[in-house]
Amino acid sequence: MITRLRSLLMFALFAGWLTVLNAIDLPIADTQVHEFTSVYTGRRYQLRIGLPRNYDPAHHRYTVVYQLDGQWDFDRVFPLTRGMESDHRMEPVIVAAITYGGVNPDYGALRQRDYTPTDFLGGGQSGDAAKFLQTLRSEIIPTVEAAYSCRPEERILMGSSYGGLFTCYALLYAPDLFTGYVASTPSVWVDNQIMVQQARTSGTVLAGRKLRVQIITGANEAYSQRSAAQAFYDALAGLHLADLELGITFAPDERHGAVAQVAYDDGLPAVLAPKLVMFSSGPGEPVGWNGVQPLVTFFADRVNLYDGPFDQPVRRAVALEPTAGSTVTSVRGVVYVLDAQWDLHSMEGSYGGMLYDGDVSALMRVGVDWIGSWGQISDWRNREFTPTDPSGIGTYGGAENFRTHLKTHVLVDAEKNLISPPGYRMVVASEKAALWALTDLLSEKPTFDRYLLVAPAAEWDNESLLQLEALRAARGGALAARVMIYYGDRDAESTRFAAISRFVNRLATRGYAGFTLQSVKLEGKGFAESKLFGYHKGFRLLAP
């Protein structure tokens, strides 16, 4: 538990002016309040700071989520981030909620001025977005980053309604300040959709910046609200910027006031950059037989986009971070799950149960799949998971390209933040993905140490795997790998059962030094049952 600040005076020098900020306790644990008067707007602001569990400034830096309308949304966003941290949907973050100080502030009138880009109401009732943006840049952000252990390379901005409007404004007018934006039901309808017009001409300003934007509004809101949000999204999408990741959602059954909860819950994990984070064990996590909380790992919604081989659309890798104390120097191993669009969740369920039982150790899991329609995914996996091209027209045969991509991009990115190399790398795959894994196993320098494979497509191209294995045997030398293969005798692919049996028998007779092979024929089981059974049983044996 962090020691609260009780009577700390903080001095900060910004742009030639000096301000004194008081850090005050709130009744909520791990929170403080800072107040100051802005030289740009002349208004009194209050920053409500929520710190993550086990805040550790000596060893960790944290992404800061800047939340507009803190008078309403701090109480929902801070517990939300705590909950998602406990569920390991995202890494620990600092919440910096921005609201107004002083005595009985008129929140409606103040936010109406600060969050709107033009004085569309007249009489100075609106239109101070530029001044408030300068307050953010020169006063609020420096204050937070001077007081807490922050990651200035990643900042998130979230707001709803007028706050969502300002979130869109900041994206277009100061894209250097934030890397992620969650605009909940943004009021981009104001002043004849002037922000939509601005978005259409912002290509030069936004080009080359890696930004993530989620626009989430209620499906049951007024048409003007929904149509303007769609128009703003369309304007950004029309810029065709490769580094701008966009998403828009119309939340079912939601209207203007309540949609923020859905927007922040869905949007925040989506705009955080992929990273590997050591989580501290929380109070709800299992206790081992010795009464000590083990280092545990849970599912985290995290996607990273890569350029795929063959000049294809992007590939997706979902990084699942290990839970660990701050003193941990490494994880036991890293597990890469191919065809994550299908297999990751089923494997995670088994892993979570085995982890609770103490049957497996703390591991990092990384799922790899594609983004696209079912037809596109089918085409890509057919090409990239197969070692030969019987079509002769490039439809198949991209296994080596995929292997190069995996080793030079996905593995490097997934493991770059580990303090020390993992004890082992394991691949989990089935069908054509398992076929690819076996071609990797037979290569000169296999990518993995352990292979958990279900129903590999050993029948591919007249059992071309047997030819690859013969070449591997001719090269000689050790094959330091542990392999488990599960397959059912009722697989719908009529030739697969026999092909797998022949390949397994060939491997078993070679006597490769350092090589361990275990195959399990599952009587009366087809492909789907074999996969569920194999992932569940094999994981425990390969990753104790």
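Up top is the structure these notes are about.
Computed from a predicted structure; not experimentally measured. (Residues numbered from 1 in each chain as written. Predicted model: local features only at pLDDT ≥ 70, side-chain atom pairs only at ≥ 80, totals over all residues. Heavy atoms only, no water.)

A.B. asks: Where do I start with the overall build of the chain in this structure?
C.D. replies: Counting its regular elements, the chain contains 15 helices and 18 strands. By the burial criterion, 55% of the 544 residues in the chain qualify as buried. Here the analysis covers contacts within the chain between residues at least 6 apart in sequence; of these, 74% occur between residues at least 24 apart. For the chain, the exposed surface amounts to about 21900 Å²; the carbon and sulfur share of it is 51%. (Helix = DSSP H or I, 4+ residues; strand = E, 2+ residues; numbered from the N terminus. Buried < 20%, exposed > 50% of the residue type's maximum accessible area, 1.4 Å probe, protein only. Contact = heavy atoms within 4.5 Å. Areas by Shrake-Rupley, 256 points an atom, 1.4 Å probe, with all protein chains shown as cover.)

A.B. asks: Could you clarify how one ought to interpret the side chain of threonine 63 in this entry?
C.D. replies: With respect to the helices and strands, threonine 63 occurs in strand S5 (residues 62–67). Judged by its relative accessible area of 1%, threonine 63 is buried.

A.B. asks: What am I meant to see in unusual backbone geometry here?
C.D. replies: Only a minority of non-glycine residues have a phi that is not negative, and only a minority of peptide bonds are not trans. The phi angle at aspartate 69 is positive, at roughly 55 degrees, despite the residue not being glycine. By the secondary structure assignment, aspartate 69 is in the loop between S5 and helix H1 (70–87). Assessed through its relative accessible area of 2%, aspartate 69 is described here as buried. With phi around 55 degrees, glutamine 193 is a residue other than glycine that occupies positive phi space. Structurally, glutamine 193 is set in helix H5 (residues 190–200).

A.B. asks: What is the right way to look at the pattern of salt bridges in this model?
C.D. replies: Pairs can form between side chains of opposite charge whenever their charged atoms are close. Counted according to the given criterion, the structure contains 23 salt bridges. Salt-bridge contacts for aspartate 243 lead to lysine 210; the nearest nitrogen and oxygen are separated by 3.3 Å. Placement of the pair is aspartate 243 in the loop between helix H7 (223–237) and strand S10 (244–251) and lysine 210 in the loop between helix H6 (203–206) and strand S9 (211–218), with a sequence separation of 33 residues. (Salt bridge = Lys/Arg side-chain N within 4 Å of Asp/Glu carboxyl O.)

A.B. asks: What exactly am I supposed to notice about the pairing of strand S14 (residues 363–370) here?
C.D. replies: Regular strands place their side chains on alternate faces of the sheet. In terms of residue burial, S14 counts as a mostly covered element, since eight of its eight residues are buried. Of the two faces of S14, both are covered, the one formed by Leu363, Arg365, Gly367 and Asp369 as well as the one formed by Met364, Val366, Val368 and Trp370. Sheet analysis places strand S13 (residues 333–338) next to S14, joined by six bridges and oriented parallel. Note that in S14 the partner of valine 337 across the bridge is glycine 367. (Pairing = 2+ DSSP bridges.)

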